[in-house]
Amino acid sequence: MATASIRPSGPRSLLKIIGAGSALGAPYPGLAAAPAALQQSGLAERLAAIGLAVEWLETLEPLAPPPEGADLASRLRAHGDFARRLADHLAALPAEAVPLVLGGDHGIATGTWRGLARRAGGAPGLIWIDAHLDSHTTTTTHSGNIHGMPLAALLGEGDAALVDVPGPQLDPDRVCIVGARAWEAEERRLLERRGVRVFDMDEVRRRGLAAVLRDALVIARGDGARTGFGLSLDLDALDPQQLPAVTCLEPAGLDARELADALLALRGCDDFIALEIVEYRPDLDGDGRSARWITEFAAAALGPGSADLRARELRYGAPNYAPLPAVFSRGEGVWLWDVEGRRYLDMMSAYSAVSFGHSHPRLVRALTEQAQRLALTSRAFSSDRLPVFLERLCTTFGYERALPVNTGLEAVETALKAARKWGHKVKGIATDRAEIIACEGNFHGRSIAIIGMSSHRQYRDGFGPFPPGLHRIPFGDVAALEAAITPNTAAFLVEPIQGEGGIIVPPPGYLSRCAEICRRHNVLLIADEVQTGLGRTGRLLACDHDGVHPDGLILGKALGGGLLPASAFLADRAVMDVFRPGDHGSTFGGNPLAAAVGTEVLALLAETRPWEHAERLGERLRAQLRAAALPVVREVRGRGLLVGVALDPAHAEAGEVALRLLARGIATRDTNGNVIRLAPPLTIDEATLDDATTLIIDVLAAIPPPASRPAAPAAAAKA
């Protein structure tokens, strides 16, 4: 495939929409209403929402359509007149605009591509996606319908009313057809004589649409041609089971999702000059499904590329993150797609928030159904979803009460407030003297209070002063906990496995011994399972590895199903009942939308028991990485599908390795201590994980020893 340069930010993001409300070429007058129906469907607004500057310029209609039953010659003249008007309008567009032409029947293509050829100063290449070949002439037509003639006319063959529309004729060496599955012999002979490449549906099925489109791009783009290329999409090319509102239904066409993903490749082509979409019948689109797919196709092909979007984020966003150079637009299961259509295996799961995979159908259904009923009331009122969610939380994890909030940070703050008030009101610690113990290397969030417990220098730098009464001890050191407890100690806050700390697993029995010490000193043991809970480590909770039931449990991330923030603090009445109305709250905490999704998450947990799968695959992943005996790897550690690969800094920086993995289609990040995090969705299958493991080993094995390595590029800072 020819190398695709990235479309620059700026004027190329200007989208000009022209409707071509003509049905002169087809026997279905309803096609003329297509542009107006698409305008009313909100197509322009949806395209603007993805970052395009959109202007719907106009919708052209025939000035003097022939009467019903007119002969072919009269219809050809009327169609030729309309094509000339359309060509004139397109030829006059400013050079920086990207046109989107919406028909109408496919006969309008005669005007579209002649006008755009004039604008480009020569014939562009053209990818013609269609169930048919549209290469009849007046002497070969079986139906007499003009929408079966435009490609032949663009190549200079057929009736003068079409052929003579002003503008350069297409170069057949830069024209190809994708997805054809119904044609007459005369059409195929004309195209073969002219040398037009036809990728029929049999070839698409055999090779895959993405591979076929790559070859089509090579043909249409030519050898660095200055005139660029365009794409004409006849919706007849699609499978009518998915997109039924079309003119000529042909069974077994292109898959709509596969086509949308393939069209993303056009975003990276700075020589892509225009898109045309035709043959939409709004009278057959009662549920609007076909109109939504049209918007999806246009967005995929015309949306801003990675360079543009990253530049906007850098310009307008606060510099508190440094993301790796991939801009994702879609996720499904364990996979992510960037805005140019490249696919990546998600080996990070948004820090465990996407444990059930992207767009899990049951969770999406719970979200959309609830969003259509009731999304938010605030806690000033009760909703019908929250009581069920609270009950399921408590019965699943064995607590008497749950307090729902939004983010993991809020759940940690809730736990700190509960512990301090419990210390003052129940344990009898003097006012404002309650203390909390945490661990070195912890990560509980980044609020002012929480970073007061952090040992990470960057998290604290410039943000003091911090609240008093927050202390740290070494992680995994039972004796240190015993020594740190005083009569003022209210709680010990601990991660069962330190995720951001570098996937640090404590010694066996650590948590159970901490629980015994806390009980003996009347100190609350609070477990932060925001990253480790809900099956991630091979147990329902990471605390279960030590048989520990903490006094307080913090959940988040996966509780929202990867769809929205949902977190909670759980405890028994003895702790939770220190709160009174007004002590603590959140407008969005426990909202009906989050409650509906969270309830479905808990149902999935009970039904699928993903921790069993995570334990088996995690052991397999760690064993394969260790067996590779890679010089760059210092240690492989973790539990379940929370795995850390600690690298020898003399060999490689983890940030650099994350970039190498990204280039090979593995999306993950480095974490503290020069560690690569491997934490895929718990829905990953064994074969996919094995393939990923092989690729990861290959990337790590390709890192040269220190003596032969060039200076490493600056790795992206950790998000």
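It should be emphasised that the depicted structure is a prediction, and the values quoted were computed from it without experimental measurement.

Quick notes on the overall build of the protein
Secondary structure assignment for the protein yields 25 helices and 23 strands. In terms of overall dimensions, the protein has a C-alpha envelope of 100 × 65 × 45 Å along the principal axes. Here the contacts in the protein between residues at least 6 apart in sequence split such that 74% fall between residues at least 24 apart. For the protein, the computed accessible surface area is about 28300 Å², with 52% contributed by carbon and sulfur atoms. Counting 74 positive and 85 negative side-chain charges, the protein places the centres of these two groups 6 Å from one another.

Some thoughts on the sheet that holds strand β23 (residues 675-678)
Strand order in the open sheet made by the 4 strands is β19-β20-β23-β22, with antiparallel pairing throughout. A strand with exactly one partner marks an edge of an open sheet, and here the two such strands are β19 (633-639) and β22 (670-671). Bridge count between strand β20 (residues 642-647) and β23: 4 bridges; the pairing is antiparallel. From the neighbouring strand, V643 faces β23, where its bridge partner is L678.

Focus on the layout of surface pockets
A volume near 1200 Å³ is recorded for the largest pocket. Taken together, 44 residues line the largest pocket, and the ones lying closest to its centre are Y321, M348, A350, Y351 and K557. For the lining of the largest pocket, the elements supplying multiple residues, two or more each, are α12 (306-316), α13 (349-352) and α16 (408-427).

Considering the state of the cysteines
The full count for this structure, using the stated rule, is 0 disulfides. Free cysteine C176: the closest other cysteine sulfur is in C269, separated by 13 Å. Left without a disulfide partner, C439 is nearest to the cysteine sulfur of C514, which lies 7.2 Å away. A relative accessible area of 3% means that C439 is categorised as buried.

Let's talk about the confidence of the model for the protein
On average, the protein scores 93 in pLDDT, and the residues at 70 or more come to 96%. Under a pLDDT of 50 for its full length, residues 1-11 has, in the predicted model, 32 contacts with residues more than four places off or in other chains.

About the criteria used
- Residues numbered from 1 in each chain as written.
- Predicted model: local features only at pLDDT ≥ 70, side-chain atom pairs only at ≥ 80, totals over all residues.
- Heavy atoms only, no water.
- Helix = DSSP H or I, 4+ residues; strand = E, 2+ residues; numbered from the N terminus.
- Contact = heavy atoms within 4.5 Å.
- Areas by Shrake-Rupley, 256 points an atom, 1.4 Å probe, with all protein chains shown as cover.
- Lys, Arg positive; Asp, Glu negative; His and termini not counted.
- Charge placed at Lys NZ, Arg CZ, Asp CG, Glu CD.
- Pairing = 2+ DSSP bridges.
- 1 Å grid on protein atoms, 1.4 Å probe; cavity = no way out; pocket = protein on both sides within 12 Å on 5 of 7 lines; lining within 4 Å.
- Points joined across faces, edges and corners; volume = space filled by probe spheres on them.
- Disulfide = S-S within 2.5 Å.
- Buried < 20%, exposed > 50% of the residue type's maximum accessible area, 1.4 Å probe, protein only.
- pLDDT = per-residue confidence, 0-100.

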